[in-house]
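Given next are the chains, with one letter for each unit.
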Amino acid sequence: MSYSIKAGLISLALVSSAFGSTSLGTFETSVGLAKTDVVIRKQLDRYVQGLIDGIYITNLYSDEKLFCAPALDHAKFYSMLTDEIDKKRSIYIQTDATMPHIALWTVIRRFPCN
């Protein structure tokens, strides 16, 4: 499979994640491709921003606060997310966790409400 076809499929997977959840494997492949492809980088940035927005909306409408985080900028959240994945990759693979779940657990672990 050529690079452009592969990049297109990855882009489609990220963009279509609104209709389903992006897998950890798709996310990690996208991160790798984004290092050399500006279009994929922009799509990945939009996806990560969507994760941020989604976890704050989830927290807002939850019966109890799930986390007590300050406003997170894109770079800080991305760094926390990749760190979380690096530390717990095997667990997330075993449980077939999706990126929205991983993103939520990332902030719950780091910013618990006491």
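Bear in mind that the values here come from a model prediction, so they are computed numbers and not experimental data.

### Things to note about the packing of helix α3 (residues 38–61) against helix α5 (residues 99–110)
Direction vectors running N to C along α3 and α5 enclose 60 degrees, while the axes themselves pass 10 Å from each other. Relative to α5, α3 is oriented so that their crossing is right-handed. When α3 is examined against α5, the residues Tyr47, Leu51, Ile55 and Thr58 are found in contact with a partner set consisting of Met99, Pro100, Ala103, Leu104 and Val107.

### Some remarks on the confidence of the model for the protein chain
Confidence along the protein chain averages 81 in pLDDT terms, with 82% of residues attaining 70 or more. By mean pLDDT, the top-scoring element of the protein chain is helix α4 (residues 74–94) (92), and the lowest-scoring one is helix α1 (residues 3–15) (46). This stretch, residues 1–19, has a pLDDT under 50; its non-local contacts, to residues over four places away or in other chains, come to 22 contacts.

### Notes on the state of the cysteines
Evaluation of the coordinates by the stated rule reveals 1 disulfide. The side chain of Cys68 participates in a disulfide bridge whose partner is Cys113; the two sulfur atoms lie 1.8 Å from each other. Taking the sign of the S-S torsion, about 110 degrees here, the bridge from Cys68 to Cys113 comes out right-handed. Placement of Cys68 in the loop between α3 and α4 and of Cys113 in the segment after α5 is noted, with a sequence separation of 45 residues between them. Looking at Cys113, the relative accessible area reads 31%, which means it is partly exposed.

### Considerations on the nonpolar core
Core analysis: the largest hydrophobic core is formed by 29 residues, its most contacted members being Phe27, Phe67, Phe77, Leu81, Met99, Ile102 and Val107. Looking at this core element by element, the count peaks at 7 residues for α3. If sequence neighbours within four positions are ignored, Val107 has contacts with Ile55, Phe67, Leu72, Phe77 and Met80.

### A short note on the packing of α4 against α5
One way to put it is that α4 packs onto α5 with a least axis distance of 9 Å and a crossing angle of 105 degrees. With respect to α5, the axis of α4 lies roughly perpendicular. Here Phe77, Met80, Leu81, Asp83, Glu84, Ile85, Lys88 and Tyr92 of α4 come into contact with α5, specifically with Met99, Ile102, Ala103, Trp105, Thr106, Val107, Arg109 and Arg110. Its residues assigned to classes, the contact of α4 with α5 comprises 10 nonpolar, 1 polar and 5 charged.

### Here we look at α4
Along α4, the sharpest kink reaches roughly 80 degrees, centred on Lys88. Considered for burial, the residues of α4 that qualify are Phe77, Tyr78, Met80, Leu81, Glu84, Ile85 and Tyr92. Here the buried face of α4 lies against α2 (24–34), α3 and α5. If you check the start of α4, you find a side-chain oxygen 3.2 Å away from the backbone N of Ala75, and it comes from Asp73. Where α4 ends, the next residue or the one after it, Asp96, has phi of about 55 degrees, a positive value.

### Considering the packing of aromatic side chains
Scanning the entire structure with this criterion turns up 2 aromatic pairs. Measuring from ring centre to ring centre gives 6.5 Å for Phe27 and Tyr47, while their planes differ by 50 degrees; the resulting arrangement is tilted. In this pair, Phe27 sits in helix α2 while Tyr47 sits in helix α3, placing the two residues 20 residues apart along the sequence. Directly above the aromatic system of Tyr78 lies the positively charged group of Arg41, at a separation of 5.3 Å from the ring centroid.

Definitions and cut-offs
- Residues numbered from 1 in each chain as written.
- Predicted model: local features only at pLDDT ≥ 70, side-chain atom pairs only at ≥ 80, totals over all residues.
- Heavy atoms only, no water.
- Axes fitted to C-alpha atoms, helices over the stretch in contact; angles between N-to-C directions.
- Helix = DSSP H or I, 4+ residues; strand = E, 2+ residues; numbered from the N terminus.
- Left-handed = near helix turned anticlockwise from the far one by under 90°.
- Contact = heavy atoms within 4.5 Å.
- pLDDT = per-residue confidence, 0-100.
- Disulfide = S-S within 2.5 Å.
- Buried < 20%, exposed > 50% of the residue type's maximum accessible area, 1.4 Å probe, protein only.
- Core = buried A, V, L, I, M, F, W, Y, C linked by side-chain atoms within 4.5 Å.
- Parallel < 35°, antiparallel > 145°, perpendicular 65-115°, else oblique.
- Nonpolar A, V, L, I, M, F, W, Y, C, P; charged D, E, K, R; others polar.
- Bend = angle between axes of the 7 residues up to and from the residue.
- Polar contact = N/O pair within 3.5 Å; in protein donor to acceptor, adjacent residues only side chain to side chain.
- Phe/Tyr/Trp six-rings, centres within 6.5 Å; stacked < 30°, edge-to-face > 60°.
- Lys NZ or Arg CZ within 6 Å of the ring centre and 35° of its normal.

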